[in-house]
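# Summary of the model geometry
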Amino acid sequence: MTNFINRTAILFGMFFFIAHAVFAAGAVEIRLKDAVSTALKENLSLAEEALLIEASRANVTSAEGEFDPALNFDVTNRSEKAGTLSLLSGSETETLGYGVSLGGKVKTGTTYELRWASEKVRRSESPYLLINPYYSSSLQATVKQPVLKGFGYSVQKSRIDAAKGALEISRLKAGQRAMDIINDTVKAYWDLYFARENHKVAGLSAALAESLLKEVEARIKTGELAPVELFKAEAELALREEKLLGAKKAVYDSEDALRALMN
């Protein structure tokens, strides 16, 4: 029985030596603030929340853009031939037009437009026109105010308010998600710390049990203790070695949990 316990202890010792070597080779010392910073930086769900914030901010810009003034410029060119019954039969009229307009909408719902237009008209084979080509231009201002549907500052601004509300909700969700990540990372960090400390204690406990077993074996040989005490010492060593294995597994599990949070 003693030889079996010794062989078991040797196997356990080899296992922990190899596990410790593997663990030490891949070990990376990291501070709590660095762990939290990495978790916030690498978390995919938080990156998604950041994209949602940008999308909400773009919606606010789009809603506010409804009230930005617009400047337009247009050019038209058309050609017409006179009918057979016309005094200008056989002539062709070519019209080249230019237009510039500035318009938009204000937050009361009022729409406005200021437009300047100019035309150059040329007629071929037209002896009745003293000036050919001739020019015309016009300046037109238009203002419209809805009095029923769409009337009022609050109605016109509702789309902007809704977009800003959605942006604030996105920010709050991202902040809450960040706080959850921080809390989970801090908890996982300290869980790993306590798991390692518990593993150290379990190792010391197993070493004491092994030392006690050797002492019991020596005292049995000298006749100070009954042989039955050997079974108690062996059982105690096996129990503490089992706890040592559990403590080591807890260390690995805690490391995996922290790695997962840090992505």
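Scroll up to find the structure this text is about.
Residues numbered from 1 in each chain as written. Predicted model: local features only at pLDDT ≥ 70, side-chain atom pairs only at ≥ 80, totals over all residues. Heavy atoms only, no water.

## Focus: the packing of helix H2 (residues 32-42) against helix H4 (residues 153-221)
Condition: Geometry is summarised by axes, namely lines fitted to C-alpha atoms with helices restricted to the contacting stretch, and by angles between N-to-C directions that run from 0 to 180 degrees. Counting from the N terminus, the helices are DSSP H or I runs at least four residues long and the strands are E runs at least two residues long. The cut-offs work like this: below 35 degrees is roughly parallel, past 145 is roughly antiparallel, 65 to 115 is roughly perpendicular, and the gaps in between are oblique. Left-handed describes a crossing whose near helix is turned anticlockwise from the far helix by less than a right angle; the clockwise case is right-handed. Residues count as neighbours in contact if any of their non-hydrogen atoms are within 4.5 Å of one another. The nonpolar class holds Ala, Val, Leu, Ile, Met, Phe, Trp, Tyr, Cys and Pro. Asp, Glu, Lys and Arg form the charged class, and all remaining residues, Gly among them, are polar.
Interhelical geometry of H2 versus H4 gives an angle of 140° and a closest axis separation of 9 Å. Between H2 and H4, the interaxial angle falls into the category oblique. With respect to the hand of their crossing, H2 and H4 are arranged in right-handed fashion. Each of Leu 32, Ala 35, Val 36, Ala 39 and Leu 40 in H2 lies in contact with H4, whose residues at this interface are Ala 178, Ile 181, Ile 182, Thr 185, Val 186, Tyr 189 and Trp 190. In terms of residue class, the contact of H2 with H4 is made up of eleven nonpolar, one polar and no charged.

## What to know about the sheet that holds strand S2 (residues 92-105)
Note on sheets: strands pair through backbone hydrogen bonds, and any given pair is parallel or antiparallel. Put simply, the test is: Strand pairing is assigned whenever DSSP identifies at least 2 bridges connecting the two strands.
Taken together, the four strands give an open sheet; going across it, the order is S1-S2-S3-S4, and neighbouring strands pair in antiparallel fashion. Two strands close off the open sheet at either side, each with one partner strand: strand S1 (70-81) and strand S4 (134-144). Across the sheet, the mean angle from the axis of one strand to that of its neighbour is 15°, orientation sign disregarded. Where S1 and S2 come together, twelve bridges link them in antiparallel fashion. Residue pairing in the sheet places Asp 74 in a bridge with Gly 99 of S2.

## Structural notes on the pattern of salt bridges
For clarity, the cut-off: Salt bridges are identified by distance alone: a Lys or Arg side-chain nitrogen within 4 Å of an Asp or Glu carboxyl oxygen. Burial here depends on accessible area, computed with a 1.4 Å probe over protein chains only, as a share of the maximum for the residue type. Under 20% is buried, over 50% is exposed, and the range in between is partly exposed.
Within the structure shown, the criterion is met by 18 salt bridges. We note a salt bridge from Arg 159 to Glu 66, for which the minimum N-O separation is 3.7 Å. One end of the pair, Arg 159, is in helix H4; the other, Glu 66, is in the loop between helix H3 (44-64) and S1, and 93 residues separate them in sequence. By relative accessible area, which is 43% here, Arg 159 ends up partly exposed. Across the pair Lys 200 and Glu 197 runs a salt bridge, and its minimum N-O distance is 3.4 Å. Of the two residues, Lys 200 and Glu 197 both sit in helix H4, three residues apart, roughly one turn of that helix. Judged by its relative accessible area of 29%, Glu 197 is partly exposed. Counted as one network, the salt bridges with shared partners bring together Arg 196, Glu 255, Asp 256 and Arg 259.

## Side note on the packing of aromatic side chains
The following threshold applies: Centres within 6.5 Å make a pair out of two Phe, Tyr or Trp rings, where for Trp the six-membered ring is used; the pair is then stacked when the planes are under 30 degrees apart, edge-to-face when over 60, and tilted otherwise.
Following the criterion strictly, the structure yields four aromatic pairs and no others. Ring geometry for Trp 190 and Tyr 193: centres 5.4 Å apart, planes at 85°, overall edge-to-face. Of this pair, Trp 190 and Tyr 193 both sit in helix H4, three residues apart, which is roughly one turn of that helix. A relative accessible area of 38% places Trp 190 in the partly exposed class. With relative accessibility at 39%, the residue Tyr 193 sits in the partly exposed group. By way of ring pairs, the aromatic residues Tyr 189, Trp 190, Tyr 193 and Phe 194 are connected into one cluster.

## Side note on H2
Definition in use: Taken from the helix axis, the directions to the C-beta atoms give the arc we talk about.
Within the span of H2, buried status applies to Ala 35, Val 36 and Ala 39. Viewed end-on, H2 has its buried residues packed into an arc of 95°, placing them on one side of the element. Facing away from the buried side of H2 by over 90 degrees, the exposed positions are Lys 33 and Lys 41. If you follow the buried residues of H2, they end up packed against H4 and helix H5 (228-262).

## Some points on the side chain of Lys 157
Basically, it comes down to this: Polar contact is the term for a pair of N or O atoms within 3.5 Å; when the atoms are in protein, one must be able to donate a hydrogen and the other to accept it, and sequence-neighboring residues count only if both atoms are side-chain atoms.
Considering the arrangement of structural elements, one finds Lys 157 in helix H4. The class for Lys 157 is buried, based on a relative accessible area of 19%. A polar contact of 2.7 Å, which involves the side chain of Lys 157, links it to the side chain of Asp 161.

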